[in-house]
Amino acid sequence: MRAKAAGMHSKDCVKVAVRVRPFNKRERDAGSRCIVSMVTSSITIQDPRESQSRRSFCFDYAYWSHSGFTRDRGGLYVPEEPGGRYSDQDSVFQDLGEGVLENALQGYNATLLAYGQTGSGKSYSMVGYGPNKGLVPKLCDRLFQAIRENQDTRQCQVFFSMLEIYNEQVVDLLSRGSRTPGGLRVREEQQRGFYVEGLRTVPCDSAPQVEQLMEQGTRTRTTAATHMNANSSRSHMLIILQLKQIFSKESITKQSNINLVDLAGSERQRSSGSEADRLKEGTAINLSLTTLGNVISSLADVAVGKKVVHIPYRDSVLTKLLQSALGGNSRTVMIATLSPADICYEESLSTLRYAERAKRIQNRAVVNESPTERLVKELKAENARLLQRLSRLGQEGRRANDETIPMCSEELRQLLTHNELQIRAIQTLWEQHLQEALKDWEQQYANITQERRMMQMHPYILNINEDTQLSGVVKLFIQEGEWDIGLCDSTPRYISIKGLGIQERHAVFRNEQRRVTLTPLAGSKVIVNGNSVSQTTELQHLDRLILGSNCTYLFIGFPSERGGDDWSRYDYDYFQSELAAAEGIHLGESSAGSSQTDPSLLAVFYDFIKLMPMVAEANQMSQELNKDVEFKLEIKNLALSDSKGHDLKKEIVIIVTAVGRKQVWMWSKTKFVNRKFLMEDAYQLHQAEKSRDNIAEGLSTAVLPRDKDPFWDPVEPLLLGSAHLWLQSLAFRIPLEEQLEVLGSEGTEEAILQAQLVPCTSTGLAQGEDDILIDPSELLGRRLDFQLVLEQCCGLRWIREARDRGVQIGFRLFDCSHPLYSPAVWHNVNPLLDHRVHFASLHTSQRLLDYLQSSAVVLELWGLQEGCTDLVSSLEGVRMTAEGIFIIEEAGPANPAPVDCSVRAQQDMEELKSVNSSLRKENHILREQLNAARNGGEGVRGRSVRPSCDAEFARSLKVFYHSMTSVRGQLQRLRRHRPSEDSDLLGFRLFVDEQSRLLRDFSEQLEQSVSTLKQDVAAIVRRKRERSGIWS
């Protein structure tokens, strides 16, 4: 569906289009549902957490590309039915591209911006993929078609430039020389405005030439991204087409710039107070997008009449170069792309809000007159005046001084000659530049022809990039014989690559007898199909290679091996999924009939594989900078649960270890990503200094102050794991003593914790067996006191690794808003804690009773490091008695709901009647017992029957609860018992046998516990029946 509002040329407001893409593989695997709907030019987005919460937006154009399409034989995506709602690439170009082109031909500056989160379809809309060409190539085709159609009425000149902005540095993607350190400079002139100094502009006279330049720029961008270990999704790409039209008859020249901008991914960085970083985002990765948002907001405020003092164009490189496009001399269109999946709700809503602000901006576009053409006119006019003066001098020569006349004539002739030379130079400059560009184009075409010929002769490795537009750009051919691959390119039989972790001589390829082998050299990192290799390995067609930290390549075998293979499924995520599987993190395809993968687990999995290459790069930078810091991915809360036993939300964290100092930090994903970019800055500084020979080989770069070092943080307490102490026994006033296994985030055993729950009196004295309750409801409305006793920790792995460490135990109970902590203990693997906390409920409610019977107190083990402060219990909002007793509940609700009062009163009345009836029966029985005692001397035994039965029953319950603790432990072991990812058939058989044994043990323990309880209860009942009919 293509919805169109007012025409593009009626006003100079920024026109905004929104395009909704299909689900990608990740969203399909997660079982995502579509939360975006579209009616004409209106878009509605629904909050997946609240079905009634909807937001609607209206734009100039709206494109539905989510569904209703098919792929024809040529590979084009087209609507399933003629006139269907699906908007293909042609539909988008007809509305947006044609309008941009028409504006440029009229002499206006024109700008097209693509905005959206990474993977939302920006590059597909702008550049396209395969036969589905995007806006840029279609625009170039139509531009040169228009030039050919109008060549009789005008002479046209087209110049092409392509640049990238990454981390506030401008990179010329068409530059022939080496990359300028720090990037190209952005300067300002009164006439030109902001421009990039030294940016190469290439004259073009055909669309294939522009296409070839784009391929060259993409190749440069790919190589630079690998060399700089930069993330292309965080960079902006600008294509600038300069169009000059010379109308000879009218003596008019129109000159316009067409800016085509693919902005960096706009995904929001989720952060919270706990994720705050002491280092601000010192790199400028997000600066340009943030500033662009501020500029758009300020211009939107101006458009609605608000007084805005300052529009921050100068705060970033991007906004400087786009100043004319936003609020200036340009006609501008923005296309915002978004995902309709529920898991992308926040990013999609943010994109829609951004686009809504942009459509309010008003520009002041004017037709541009070329200063070069104006100069030619002025020079011709001046030449005409000079010729008139020379003519007059010739006529009046006899009356003038004989010496003065030749001197004046000679000066005028020299000036005339100089002006003619200037005119000729200006007019021939275009032809000269065009000839130079054609020579380059011919050379590039020859290289492409040579590359295609070699592809049909030799095996090669093909680069795979996170950005699909940059994948398959670099082809490294493996010809007959032996070839070294690495940084060095001094020998003739060498394949040169650059990237983090690449050695001077990294590995050796051998192509002999139609077999290709790869041999890693000492100290180099080589991974084949997800597995690290250190010996010679024969490569098979479509094998996946990772060299160094993250240089990813797909091996393409001999032409006879290729067939009709589609290698597109081996994308960047495929490589990282293989690596994750090798580390035991694997989500396989769901088998038929099986339940779908948990979407939350799938989200964690994709976060894991996205961060894996970044962690590898961070480790390599740490090694090269001699930081002695290691980074490791971990899934937080993988094996942990809350106080109800429900699984906690899982998320990715990065464990950072200073190996020499034995210091450990836990960073959130957001914090690590920020630090990674700061590390890149430090690494690039190191490389620049190393290339200038300012430091010796292998030594660290200029040392950053510690508070500015992205590899360092102040030490802080670290959550090591947790254990559950279930509170059910307190509801019966039964004491509980446990040895608890403290499990780390991924299920590893961190320690054994000895803890007790002791029902007690208000003075702290432990209660005995006579105080055990049969029915927990007897506690309602009464006071309940108990103590939590933390006795000892045994086998602390945290302190076993480094003796200068300590631990604390943290916990919270019922409605406590802040955790309480035990005193810190240091330097001991088996420390005595001897920590006792007294809790009291002054008026036990049903809510507290339900809590005790269904919940556990989660005991958190916190690790302390030398230099960090102890964790302190916050008593804010906590009521304590003078004796130090923590009050967890005082009284019931002060004002119960009126509707419940009569119901509760009626229930109380029925309960009192029942109790009264029971007491009368018991009174009657006691009278009979008294008579029997008088007659048979059985009074003593009769008086002791009731207490004896209660005590026996309480002891049976105590035994049962202790046995159930063992059963619960066996159940936890069953939950954690999983097969190894690399298990073979024999391994799975052993796993099944072990699982069967554990299930059998669990069943036997559970059956034995229940059977023992039944036997004890039956024995108690039998003894009661044997005694004079009591309770019969």
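These numbers were taken from a predicted model, which means no experiment stands behind them.

1. Digging into the nonpolar core
Line of reasoning, step 1. Ranked by size, the top nonpolar core spans 54 residues in total, and within it Phe608, Leu611, Phe631, Leu633, Ile654 and Phe672 carry the most contacts.
Line of reasoning, step 2. Sort the elements by how many residues they give to this core and helix 13 (residues 599-624) lands first, with twelve residues.
Line of reasoning, step 3. Residues in contact with phenylalanine 608, not counting those within four places in the same chain, are Ala580, Glu583, Ile585, Leu633, Ile635 and Ile652.
Line of reasoning, step 4. With 52 residues, the next largest nonpolar core counts Leu725, Phe732, Leu740 and Ile772 among its residues.

2. Structural notes on the sheet that holds strand 5 (residues 54-58)
Line of reasoning, step 1. Read from one edge of the open sheet, three strands run 3-4-5, paired in antiparallel fashion. Strands with a single pairing partner mark the edges of an open sheet, and in this sheet they are strand 3 (36-39) and strand 5. Sheet twist, expressed as the average angle between the axes of neighbouring strands with direction ignored, equals 20°.
Line of reasoning, step 2. Of the pairings in the sheet, the one linking strand 3 to strand 4 (residues 42-46) comprises four bridges and is antiparallel in character. When the bridges of strand 4 are listed, serine 37 appears paired with threonine 44.

3. Looking at the confidence of the model for the protein chain
Caution applies to low-pLDDT regions: their predicted coordinates should not be interpreted in detail.
Line of reasoning, step 1. Averaged over all residues, the pLDDT of the protein chain equals 80, while 79% of them reach at least 70.
Line of reasoning, step 2. This model gives residues 398-407 a pLDDT under 50, and the stretch forms three contacts once residues within four places in sequence are excluded.
Line of reasoning, step 3. Long-range and interchain partners of residues 894-902, a stretch whose pLDDT sits below 50, account for one contact in this model, where long-range means more than four residues apart.

4. Looking at the UniProt feature "binding site: ATP" (unreviewed entry) in the protein chain
Line of reasoning, step 1. In this structure's numbering, the residues bearing the UniProt feature "binding site: ATP" (unreviewed entry) are Gly116, Gln117, Thr118, Gly119, Ser120, Gly121, Lys122 and Ser123.
Line of reasoning, step 2. Looking at the secondary structure, you find glycine 121 in the loop between strand 9 (110-115) and helix 3 (122-126).
Line of reasoning, step 3. Ignoring anything within four residues of it in the chain, the contact list for glycine 121 reads Arg21 and Thr337.
Line of reasoning, step 4. Assignment of secondary structure puts serine 123 in helix 3.
Line of reasoning, step 5. For serine 123, a relative accessible area of 19% puts it in the buried group.

5. A closer look at the sheet that holds strand 33 (residues 663-668)
The strands making up a sheet are joined through hydrogen bonds of the backbone, oriented either antiparallel or parallel.
Line of reasoning, step 1. Read from one edge of the open sheet, three strands run 31-32-33, paired in antiparallel fashion. Since the sheet does not close on itself, it has two edges, and those belong to strand 31 (629-636) and strand 33, each with one partner. Taken over all neighbouring pairs, the strand axes of this sheet differ in orientation by 25° on average, direction set aside.

6. With respect to the pattern of salt bridges
Line of reasoning, step 1. By the definition in use, this model includes 29 salt bridges.
Line of reasoning, step 2. Linking arginine 49 and aspartate 47 is a salt bridge whose minimum nitrogen-to-oxygen distance equals 3.2 Å.
Line of reasoning, step 3. On the basis of relative accessibility, which here comes to 62%, the residue arginine 49 falls in the exposed class.
Line of reasoning, step 4. As a salt-bridge pair, arginine 783 and aspartate 785 come within 2.5 Å of each other at their nearest N and O atoms.
Line of reasoning, step 5. A residue is classified by how much of its surface remains accessible, and aspartate 785, at 5% relative accessible area, is buried.
Line of reasoning, step 6. One connected set of salt bridges, linked through shared partners, spans Glu750, Arg797, Glu801 and Arg805.

7. Here's the deal with the pairing of strand 33
Line of reasoning, step 1. Strand 33 sits mainly inside the fold: five of its six residues count as buried.
Line of reasoning, step 2. With six bridges connecting them, strand 32 (residues 651-658) and strand 33 associate as antiparallel partners. If you follow isoleucine 654 over to strand 33, its bridge partner there is tryptophan 667.
Line of reasoning, step 3. Where strand 32 hands over to strand 33, the hairpin turn is made up of four residues, of which lysine 662 adopts a positive phi near 60°.

8. Digging into the packing of aromatic side chains
Line of reasoning, step 1. Per the stated rule, a full pass over the model turns up 14 aromatic pairs.
Line of reasoning, step 2. Centroid distance tyrosine 570 to tyrosine 574: 4.9 Å. Interplanar angle 80°. Geometry classified as edge-to-face.
Line of reasoning, step 3. Residue tyrosine 570 is classed as buried on the basis of its relative accessible area of 8%.
Line of reasoning, step 4. Pairing phenylalanine 839 with phenylalanine 886 gives two aromatic rings, centres 5.8 Å apart and planes at 40°, and the pair type is tilted. Here phenylalanine 886 lies in strand 44 (residues 886-889) and phenylalanine 839 lies in strand 41 (residues 832-841), a separation of 47 residues in the sequence. You'll find phenylalanine 839 and phenylalanine 886 in the same group, each marked buried.
Line of reasoning, step 5. Feature note: the residues Phe631, Trp667, Phe672 and Phe711 constitute an aromatic cluster, connected by ring pairs.
Line of reasoning, step 6. We note arginine 805 situated over the ring of tryptophan 798; from NZ or CZ to the ring centre the distance is 3.8 Å.

9. Description of helix 2 (residues 89-105)
Line of reasoning, step 1. For helix 2, built from 17 residues, the straight-helix expectation of 24 Å at 1.5 Å per residue is met to within 8% by its first-to-last C-alpha distance of 22 Å.
Line of reasoning, step 2. Maximal helix bending in helix 2 amounts to about 35°, located at aspartate 95.
Line of reasoning, step 3. Positive phi shows up at glycine 107, right after helix 2, with a value of about 100°.

10. Overview of the side chain of threonine 844
Line of reasoning, step 1. For threonine 844, the location among the structural elements is in the loop between strand 41 and helix 16 (846-854).
Line of reasoning, step 2. Within the local environment of threonine 844, its side chain forms a polar contact with the backbone oxygen of arginine 782, the two atoms lying 2.8 Å apart.
Line of reasoning, step 3. Apart from the residues lying within four places of it in its own chain, the contact partners of threonine 844 are Leu779, Leu780, Gly781, Arg782, Arg783, Leu784 and Glu889.

Rules used in this analysis
- Residues numbered from 1 in each chain as written.
- Predicted model: local features only at pLDDT ≥ 70, side-chain atom pairs only at ≥ 80, totals over all residues.
- Heavy atoms only, no water.
- Core = buried A, V, L, I, M, F, W, Y, C linked by side-chain atoms within 4.5 Å.
- Buried < 20%, exposed > 50% of the residue type's maximum accessible area, 1.4 Å probe, protein only.
- Helix = DSSP H or I, 4+ residues; strand = E, 2+ residues; numbered from the N terminus.
- Contact = heavy atoms within 4.5 Å.
- Pairing = 2+ DSSP bridges.
- Axes fitted to C-alpha atoms, helices over the stretch in contact; angles between N-to-C directions.
- pLDDT = per-residue confidence, 0-100.
- UniProt positions renumbered as here; feature names shortened; annotations may be inferred.
- Salt bridge = Lys/Arg side-chain N within 4 Å of Asp/Glu carboxyl O.
- Phe/Tyr/Trp six-rings, centres within 6.5 Å; stacked < 30°, edge-to-face > 60°.
- Lys NZ or Arg CZ within 6 Å of the ring centre and 35° of its normal.
- Expected span 1.5 Å × (residues − 1).
- Bend = angle between axes of the 7 residues up to and from the residue.
- Polar contact = N/O pair within 3.5 Å; in protein donor to acceptor, adjacent residues only side chain to side chain.

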